[in-house]
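Fold and contact review
For reference, the chains in residue letters:
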Amino acid sequence: MSDERTSVLMKELLPEDPVERDKMLDELDILLMRYESALREIRTKFEILNDELSLLGHQNPIASISSRRKTTAGILEKLKRQGFPLSLESIEENLTDVAGIRIICSFMDDIYKVARMLAQQDDIKVLTVKDYIANPKPNGYRSYHMIVEVPVFFSNEKRPMKVEVQIRTIAMDFWANLEHRMRYKKDIKEADEIMEELKECAENIAETDAQMMIIREKIRQIQEQ
Ligand code: 0O2
């Protein structure tokens, strides 16, 4: 987003009075820090699950973890786009992806395993689940999405914070990254042929993911004999 657009949105968010303005900027910093803390909580939970499962012989179900906090500009732009008021309360009320974490699993069944294990933790509240693996998007996008709420303890309060969790295989991630870079949200609706080709790639990748699980099973059986 251009600097100009960001400053227009910031102007709309911030009060004119300089004292009030500084107060709100401080509050914004605190809010963003809370989201980053929530990301750390969720990351730690997945790291612990991965360490334990690896010791139990599941060979690192999680290949990698990455996380990002939306920028202030990105937050304001999304509120504006979706017609929500620009205020700090509105961020917490209306956005579920200020904090986002991506879990990349080795195998498809690991996705459901780690998702279930997170959901079962008694401090986690699952707000929504979108299973784009069972129900891929029309362009072929596959991934398991959850919006969860995790309590974060601060100096004088406990706050439930929302985090978007995306869980997918290495292969699904490969597709999503390239697709995102090439066309996601770009207006190329007329290019049906490209859409079909991308979908075909996603389907080939899904088949490969399924085949990899079969191969893993065969290797496991040979090892057990
Ligand atoms: P970015 O740049 O990754 O942050 P929302 O768009 O969040 O208001 P929606 O669309 O209902 O609501 O959420 P959904 O379907 O759970 O998708 C949210 C995120 O999933 C996106 O975030 C992408 O990261 C990813 N995603 C969804 N669909 C696609 C797709 O077709 N291709 C790719 N590559 N990624 C997808 P953002 O904020 O849109 O983008």
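Here we summarise the structure given alongside this text.

**As for the overall build of the protein**
Of regular secondary structure, the protein possesses 7 helices and 5 strands. Scanning the protein from its N terminus toward the C terminus, one meets helices and strands in the order α-α-β-α-α-β-α-β-β-β-α-α. Seen through its C-alpha atoms, the protein measures out along the principal axes to roughly 75 × 50 × 25 Å. Sorting the 225 residues of the protein into buried and exposed places 41% on the buried side. Restricting to contacts in the protein with at least 6 residues of sequence separation, those with at least 24 account for 67%. The protein carries 34 positive and 42 negative side-chain charges, and their two centres are separated by 1 Å.

**Some thoughts on the packing of aromatic side chains**
One pass over the structure, following the stated rule, counts 3 aromatic pairs. Note on Tyr112 and Tyr144: the rings are 5.4 Å apart at their centroids and 75° apart in plane angle, and the pair reads as edge-to-face. With Tyr112 in helix α5 (residues 108-120) and Tyr144 in strand β4 (residues 144-153), this residue pair connects regions lying 32 residues apart in the sequence. Classification of Tyr112 by relative accessible area gives partly exposed; the value is 30%. Above the ring of Tyr132, the side-chain terminus of Lys137 is found at 5.4 Å from the ring centroid. Directly above the aromatic system of Phe107 lies the positively charged group of Arg216, at a separation of 4.6 Å from the ring centroid.

**Notes on the pairing of strand β5 (residues 158-169)**
Looking down a regular strand, the side chains alternate between one sheet face and the other. With 9 of 12 residues buried, β5 is to be regarded as a mostly interior element. If you look at the hairpin formed by β4 and β5, you'll find 4 residues sitting between the two strands.

**Thoughts on the environment of Cys201**
By the element assignment, Cys201 lies in helix α7 (residues 192-224). The sequence separation of Cys201 and Met10 amounts to 191 residues, and the corresponding C-alpha distance is 41 Å.

What counts, and at which threshold
Residues numbered from 1 in each chain as written. Predicted model: local features only at pLDDT ≥ 70, side-chain atom pairs only at ≥ 80, totals over all residues. Heavy atoms only, no water. Helix = DSSP H or I, 4+ residues; strand = E, 2+ residues; numbered from the N terminus. Buried < 20%, exposed > 50% of the residue type's maximum accessible area, 1.4 Å probe, protein only. Contact = heavy atoms within 4.5 Å. Lys, Arg positive; Asp, Glu negative; His and termini not counted. Charge placed at Lys NZ, Arg CZ, Asp CG, Glu CD. Phe/Tyr/Trp six-rings, centres within 6.5 Å; stacked < 30°, edge-to-face > 60°. Lys NZ or Arg CZ within 6 Å of the ring centre and 35° of its normal. Pairing = 2+ DSSP bridges.

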